[in-house]
Amino acid sequence: MALPVLIKRTRLGGNIGGKFDFYFDGVRILITVPVCFKFEAGINATAALQFKEKYKRAILNFWTNSGFGLKVSGNYGVPFIPIIISSPEVKTNAYFTIDVKAKPMRASLRFDMNVHVGETERTIAHEFGHCLAIHDEYYTKGTWWQRVENLSPTKRLEFKSDVFALMNLGDKIRPRYFEHICKTAQRYLPGHVKLHVGLL
């Protein structure tokens, strides 16, 4: 298959809630999630600006600067293919609306990302993981109707014991979060070249 390749509005076979652009030119991968912001009444301009800056930091600190990329084995021109993740604010054609609420509530991502204006960078980064088509990994406790959530296809409970992982209850990025990206990139390279997720 010819490079470069651009796949728009894709989830690359990952979690059904994901949606992003995948670009691969043979030496780097760009993952882009364009968003717009909607602020509930009662959130002033200063608080809105501060939230936007916090959102940018969350993406940068947890995802863009994760250090993970694709290590290359075989006769190839580069030993490592970086995965560069960004989430620019756009006026039109956003893939997700960041719907910011004035009062505390449980953060979630369905059609939009719903978060409180005072939400932590860690939780924003977790919800952004769903934009990247990555599953929840935590086990929901409580009454039987609360535990029904554990049956959702948007969860991967084989990792429920990894409580320090970002998509569980912690803040650590795991190599498995990039496997769907790795598998897609592999299809565009010669058979003797093998990719696997690793740290630079």
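Everything that follows concerns the structure shown earlier in this document.
All of these numbers come straight from a predicted model, not from anything done at the bench. (Residues numbered from 1 in each chain as written. Predicted model: local features only at pLDDT ≥ 70, side-chain atom pairs only at ≥ 80, totals over all residues. Heavy atoms only, no water.)

Draft legend 1. Summary view of the sheet that holds strand β7 (residues 96–101). Here four strands make up an open sheet; going across it, the order is β4-β7-β9-β8 and the pairing mixed. Whereas interior strands pair on both sides, the edge strands pair on one side only; in this sheet they are β4 (35–39) and β8 (108–109). As judged from the four bridges shared by β7 and strand β9 (residues 113–116), these two strands associate in the parallel manner. By the bridge assignment for β9, V100 is matched with V115. (Pairing = 2+ DSSP bridges. Helix = DSSP H or I, 4+ residues; strand = E, 2+ residues; numbered from the N terminus.)

Draft legend 2. A look at the layout of surface pockets. If you add up the space inside the largest pocket, you get close to 560 Å³. What lines the largest pocket is a set of 20 residues, and nearest its centre among them are S108, L109, H130, D136 and Y138. Among the elements of the structure, β8 and α2 (121–131) are those that each provide at least two residues to the lining of the largest pocket. Counting residues per element, the lining of the largest pocket draws most heavily on α2, at five residues. In this model, the second largest pocket occupies a volume close to 200 Å³. Residue lining of the second largest pocket: 13 residues in total, with H135, R156, R176, E179 and H180 positioned closest to the centre. When the residues that make up the lining of the second largest pocket are grouped by side-chain class, the tally is four nonpolar, four polar and five charged. (1 Å grid on protein atoms, 1.4 Å probe; cavity = no way out; pocket = protein on both sides within 12 Å on 5 of 7 lines; lining within 4 Å. Points joined across faces, edges and corners; volume = space filled by probe spheres on them. Nonpolar A, V, L, I, M, F, W, Y, C, P; charged D, E, K, R; others polar.)

Draft legend 3. Examining the nonpolar core more closely. Ranked by size, the top nonpolar core spans 54 residues in total, and within it F22, I29, Y55, W63, F128 and F178 carry the most contacts. Discounting residues that sit within four places of it in the chain, F178 has contacts with W63, S66, F68, I83, I85, I173 and V197. (Core = buried A, V, L, I, M, F, W, Y, C linked by side-chain atoms within 4.5 Å. Buried < 20%, exposed > 50% of the residue type's maximum accessible area, 1.4 Å probe, protein only. Contact = heavy atoms within 4.5 Å.)

Draft legend 4. Focus on the side chain of S108. As for its position among the elements, S108 is in strand β8. Looking at S108, the relative accessible area reads 14%, which means it is buried. Ignoring any residue separated from it by four or fewer positions in sequence, one finds S108 in contact with M113, N114 and E127.

Remember, this is a structural readout, not a statement about activity or role.
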